[in-house]
Protein chains: 2
Amino acid sequence: MTLRFEPLARDGAARRGRLHLARGTIETPAFMPVGTYGTVKAMTPEELESLGAEIILGNTFHLMLRPGPEVVAAHGGLHGFMHWRRPILTDSGGFQVWSLESLRTIDEEGVRFRSPVDGRAVRLTPEDSMDVQRALGSDIAMAFDECTPYPATEHEARASMERSMRWAERGHRHYYREGPSASAGTPPGDLFGIIQGGMHAGLRLASLEALERLGFPGLAIGGLAVGEPESERLAVLEALEPHLPADRPRYLMGVGRPEDIVSAVLRGVDMFDCVMPTRHARNGHLFTASGVINIRNAVHAADRGPIDPECSCPTCRNYSRAYLRHLDQCKEILGSRLNTLHNLHFYLELMRALRAAIEAGRVEAFAREFLDRRRANPKPVA
Amino acid sequence: MTLRFEPLARDGAARRGRLHLARGTIETPAFMPVGTYGTVKAMTPEELESLGAEIILGNTFHLMLRPGPEVVAAHGGLHGFMHWRRPILTDSGGFQVWSLESLRTIDEEGVRFRSPVDGRAVRLTPEDSMDVQRALGSDIAMAFDECTPYPATEHEARASMERSMRWAERGHRHYYREGPSASAGTPPGDLFGIIQGGMHAGLRLASLEALERLGFPGLAIGGLAVGEPESERLAVLEALEPHLPADRPRYLMGVGRPEDIVSAVLRGVDMFDCVMPTRHARNGHLFTASGVINIRNAVHAADRGPIDPECSCPTCRNYSRAYLRHLDQCKEILGSRLNTLHNLHFYLELMRALRAAIEAGRVEAFAREFLDRRRANPKPVA
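Residues numbered from 1 in each chain as written. Chains lettered and ligands numbered in written order. Predicted model: local features only at pLDDT ≥ 70, side-chain atom pairs only at ≥ 80, totals over all residues. Heavy atoms only, no water.

**A few points about the packing of helix α9 (residues 230-240) of chain A against helix α10 (residues 258-266) of chain A**
All names here are of chain A.
1) Next: With their axes 10 Å apart at the nearest point, α9 and α10 run at an angle of 30° to one another. With respect to each other, α9 and α10 are oriented roughly parallel. Where α9 crosses over α10, the two elements pack in a sense that is right-handed. On the side of α9, the interface is formed by Glu 230, Arg 233, Leu 234 and Leu 237, while α10 contributes Asp 260, Ser 263 and Ala 264.
2) Next: Looking at the contact of α9 with α10 residue by residue, the class counts come to 3 nonpolar, 1 polar and 3 charged. (Axes fitted to C-alpha atoms, helices over the stretch in contact; angles between N-to-C directions. Helix = DSSP H or I, 4+ residues; strand = E, 2+ residues; numbered from the N terminus. Parallel < 35°, antiparallel > 145°, perpendicular 65-115°, else oblique. Left-handed = near helix turned anticlockwise from the far one by under 90°. Contact = heavy atoms within 4.5 Å. Nonpolar A, V, L, I, M, F, W, Y, C, P; charged D, E, K, R; others polar.)

In C-alpha cells, the structure reads:
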C-alpha cells in the first residue's frame, strides 16, 4: 500500500481530507472527471490541470478493447499514453461488462463477452481485471465486482454481494501478491474494495466487514445510482457512514448530479466521478448556480451575457451565450470544448466550496442554500 | 484606406513583406486559417495565437445566415463575438452563393438564393456584401464577384469578368463612400479587389487594369483552384506578376496544398487561405516534411513515435501516433484538436521557412528541395 489519507477536519459527518498518492495529492471531497477512452472528452490534460482537476478516471473495459493494454503499457501506462502526469483511478470493467446484458455470461470464474468493437470473445476475471489495471499503470485500481440490479430481493442481493466479496478476495490476492508488479518507473498503485449489497443495510454492513477482513486502503460504495429513489440511496449512505473506517477514503461510484454530490458529502463521502458534466456539455446543458440552462434554446440567440455571471471559468470570461448557441447550432467542436470547460469548472468549484464550508464548520448551511437554489430550478431553464 | 504594405525583400519574384493593419501586423508571405462559422474548427483563439497565426478568415455567407450580421455586430463585430483580437479577412459571400447552383439566380443586380439553413429567400448584392462585412467588423473585406466556371470560353470568361468589375466598382463606392462606416471603436477596415478572367491572360490583365482605375489597397486573384491543371494556374500567376503593383499585397484565394503555396510564393503571392490543413486534420490526414500520413492506417496502431520527428508542435512533443490513431478510432474530439494543431503548425511553419528563405536569397533552392520531397510522396503514405 502506498497511498495515505490525511483527515483534516470534520463537520458533522462531512470530512475534509487529503489523499496522498505517489503522483500527487488530492484534496477531498474531490470530483474526478471521467476519461473513458484515455481522454476526458474534448479536453487536453493541460486544460484539466488549469481547471484544478487532481485526479481523473479511466475505463478499463474500453481501454482493454481499444487500443489494448499492451499498447498502453508500451507507452509507460495510461499516463504516458494520454500525457497526464497526475493520479488516475481506473474502474475494474465490471460495470461496463454487466451493461452488455445479452452479450455476456457471468459465472463464478468471471465474465465472458463479445467485444462490442469487433465481436471477438473476451474473458474478464477478477485476476484479468487486476492485470489490465496494472498494465494501465493506474494509481488507484478498483476491485472487479458484480453489479446488483435494482430492484433485487434480499436473497438476490445477498448472492450477488457474496460473489463480489469472493471476487474482491481473488483480486486483492492477485493485485498485492500473485499478479504482475507495476512496470519499472511506475508507482506501485493501490486497490480499493467496493461495498455492495443493494438497498439492504444489513448486506451493506456485511460487505463492509468482508472487505475489512481483507484490508483495502480505500473503500468504494458501488451499486448505487442504478435507478433507485434518492431516499433509498441516502439511506444506504447513512447506514454505512458510522461504520466506515475514518482513516481511509470513501468513493461513491458514478454519482452524480451536483445535488447528489452535496448530499453524499454531508454523509461522509470523499470521492466522486460522473460523466454528467462532460456529457451534458456536449448536449448543450450548462450548469449555473441557479439551475441548468439549455444553450440550444432560441432565447439565447442574441444574448451577449455569459452562461453564468457568477462564474469565473474561461468560457464565461470570454464568450457570450449567443456565441455558444451559434457554435452548438453549427455543430462546431469549439462549442463542445467551451461547454465542457464550463461544466467541469462548475463541478470542481462546487468541490472547492464544499471543502471550504467543511473547514469553516458550515457545510450544513452551505448544502441547504445550494439545494434550495437547485430545487427551485430542477429542470433546464431557458 | 488604413492598411500599409511594407516590402522588405525580394528574391526573384518572391516577396518578403509586412502588412500593417489597425489590429496587428502580418508578416508575409502569410497563411490565413479559415474560420468559416466564426471559429477555426476545433481551435481556440489562444491556440491560434500560440501557433503564430496573425490573421484569420471569416465567411460572410455563412455568418449572414447564422447567427446573422445583427447578432455579430451587437458583440462589437466578429472579433468580439469569437474573442479574436488580431485581424480578420472576410470573403464576400460570392463563392459560396455561386456554389449553391440550383438554389440561386444571378443577374446584374446581384444574387438571390434560398438559404440552405432555413429555406428563406435571401438577396446578396455587391452593396449588401459590403454592409454585412462592415457589420462583421472585418479588417479586410473582399469585393463581391462572380466566379467564372472552369472551363469557360474567352467570351464567357470576359462577360463574367466584366460583370465582376462592375460589381467591384459598386462595392468600392459603397464601402468607401455610400455605405455604413465601421461601428464606433472598430477600425475602419479596407477592401480588396479581386482579379478575374478565367485562364485567359489578356482578360486577367484587363481585370487588373479595371481594378487599378478604382484603386484598391490590396489585390486578390480569384477564380483559380476551381479544377484547372496546375500549369494553367501557374501561367495565370506568371502573366499577372510583372503587372501587379509592388506596393500592395497580393492574395491568392483558396489555394491550397503546401506545394501550391510554395509555387505561388515563387510567383510573387503574399497571402493565402485554405481549409485543407483543418479539414485534412479532422479526416486524419497529417502533413509531414516527407509527405502526408493517414493516421487511420493500422500501421500506426502501436507506433510510439510522433507524427513527424522534425516537428516542434504541441501534438508532436506530447503524443504518439498510436494515441492519435486511438483517438481517431474512438471519434474523440481531442483527436481533431491535436491533428488540427499539428496541420496548422505545419502550414504556419512553412510560411516562416519561406519568409526566411526569401530574406536569405535562397527561396528557389528551398522550393526545389521542398517540392522534390513532396513529389516523392504525393499521396498519403502509411
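**A look at the pattern of salt bridges**
Residues and elements named next belong to chain A.
1) Next: One pass over the structure, following the stated rule, counts 64 salt bridges over all chains.
2) Next: Notably, a salt bridge pairs Glu 47 with Arg 337, separated by 2.9 Å at the nearest N-O pair. One end of the pair, Glu 47, is in helix α1 (residues 45-51); the other, Arg 337, is in helix α14 (residues 333-359), and 290 residues separate them in sequence. Summarising the burial analysis for this pair, Glu 47 and Arg 337 share the class buried.
3) Next: Taken together, the salt bridges that share partners define one network made up of Glu 228, Arg 233, Arg 257, Glu 259, Asp 260 and Arg 374. (Salt bridge = Lys/Arg side-chain N within 4 Å of Asp/Glu carboxyl O. Buried < 20%, exposed > 50% of the residue type's maximum accessible area, 1.4 Å probe, protein only.)

**Some details on the interface of chain B and chain A**
1) Next: Contacts between chain B and chain A engage 38 residues on the former and 38 residues on the latter.
2) Next: When chain B packs against chain A, close to 3,100 Å² is buried across both sides, 58% of that on carbon and sulfur atoms.
3) Next: With a closest N to O distance of 2.6 Å, B:Lys41 and A:Glu332 form a salt bridge.
4) Next: There are 18 residue pairs in polar contact (both at pLDDT 80 or more) connecting chain B and chain A.
5) Next: At the level of elements, α1 (45-51), α3 (69-74), α4 (78-82), α13 (321-329) and α14 (333-359) of chain B are the ones that each hand at least two residues to the side of chain B that touches chain A.
6) Next: At 5 residues, α13(B) tops the list of elements feeding residues into the side of chain B that touches chain A.
7) Next: In the side of chain B that touches chain A, the residues fall into 19 nonpolar, 10 polar and 9 charged. (Buried area = accessible area lost by both parts, 1.4 Å probe. Polar contact = N/O pair within 3.5 Å; in protein donor to acceptor, adjacent residues only side chain to side chain.)

**Description of the side chain of B:Ser129**
All names here are of chain B.
1) Next: Relative to the helices and strands, Ser 129 is located in helix α6 (residues 126-136).
2) Next: For Ser 129, a relative accessible area of 0% puts it in the buried group.
3) Next: In contact with Ser 129, other than residues within four places in its own chain, are Ser 92, Leu 124, Met 142 and Phe 144.

**As for the relation of the copies chain B and chain A**
1) Next: Note on the identical chains: chain B maps onto chain A by a rotation of 180° and an axial translation of 0.0 Å, with an RMSD of 0.0 Å. Put plainly, the chains are arranged around a two-fold axis. Minimal C-alpha separation from the rotation axis in chain B is found for B:Ile333, amounting to 3.5 Å.
2) Next: Both copies share a contact surface, since 100% of the interface residues of chain B are interface residues in chain A too. (Least-squares fit on C-alpha atoms with pLDDT ≥ 70 in both.)

**Details of the pairing of strand β1 (residues 4-11) of chain B**
All names here are of chain B.
1) Next: Note that β1 and strand β2 (residues 14-21) share 7 bridges and pair antiparallel. Bridging from a neighbouring strand, Pro 7 pairs with Gly 17 of β2.
2) Next: Taken together, β1 and the strand that follows it, β2, pair antiparallel across an intervening segment of 2 residues, in which Gly 12 is found at a positive phi of about 65°. (Pairing = 2+ DSSP bridges.)

**As for the packing of helix α6 (residues 126-136) of chain A against helix α7 (residues 154-178) of chain A**
The relative placement of two packed helices is expressed as an angle between their axes plus a distance between the axes.
Residue and element names in this part refer to chain A.
1) Next: Between α6 and α7, whose axes approach to 8 Å, the crossing angle comes to 40°. Comparing their axes, α7 and α6 come out oblique. Judged by the twist between their axes, the crossing of α6 over α7 is right-handed. Along its contact with α6, which presents Pro 126, Glu 127, Met 130, Asp 131 and Arg 134, the element α7 presents Trp 167, Arg 170, Gly 171, His 174 and Tyr 175.

**Comments concerning the sheet that holds strand β12 (residues 190-195) of chain A**
All names here are of chain A.
1) Next: Strands sit in the order β4-β15-β14-β13-β12-β11-β7-β6-β5 across an open sheet of 9 strands; the sheet is parallel. Each end of this open sheet is capped by a strand with a single partner; those strands are β4 (30-32) and β5 (34-35).
2) Next: The pairing of strand β6 (residues 56-58) with strand β7 (residues 88-90) spans 3 bridges and is parallel. Along β7, the bridge assignment pairs Gly 58 with Thr 90.
3) Next: Against the sheet, α7 makes contact with β11 (140-142) and β12, and its axis sits at roughly 175° relative to β12, the strand it touches most.
4) Next: Strands β4 and β15 (271-273) of the sheet are contacted by α14, whose axis makes an angle of about 155° with β4.

**A few points about the sheet that holds strand β11 (residues 140-142) of chain B**
Residues and elements named next belong to chain B.
1) Next: Pairing is parallel in the open sheet, where 9 strands are placed in the order β4-β15-β14-β13-β12-β11-β7-β6-β5. Both outer strands of the open sheet, β4 (30-32) and β5 (34-35), are each paired with one neighbouring strand and no more.
2) Next: Here α14 sits on the sheet and contacts β4 and β15 (271-273); the angle it forms with β4, its principal contact strand, is near 155°.

**Quick notes on the pairing of strand β10 (residues 121-124) of chain A**
Residues and elements named next belong to chain A.
1) Next: Residues of β10 alternate between two faces, with Val 122 and Leu 124 buried on one and Ala 121 and Arg 123 left unburied on the opposite face.
2) Next: Where strand β9 (residues 111-114) lies against β10, 4 bridges are found, and the strand directions are antiparallel. Bridging from a neighbouring strand, Arg 114 pairs with Ala 121 of β10.
3) Next: Hairpin connection between β9 and β10: a loop of 6 residues separates the two successive antiparallel strands, and Gly 119 in this loop has a positive phi of roughly 80°.

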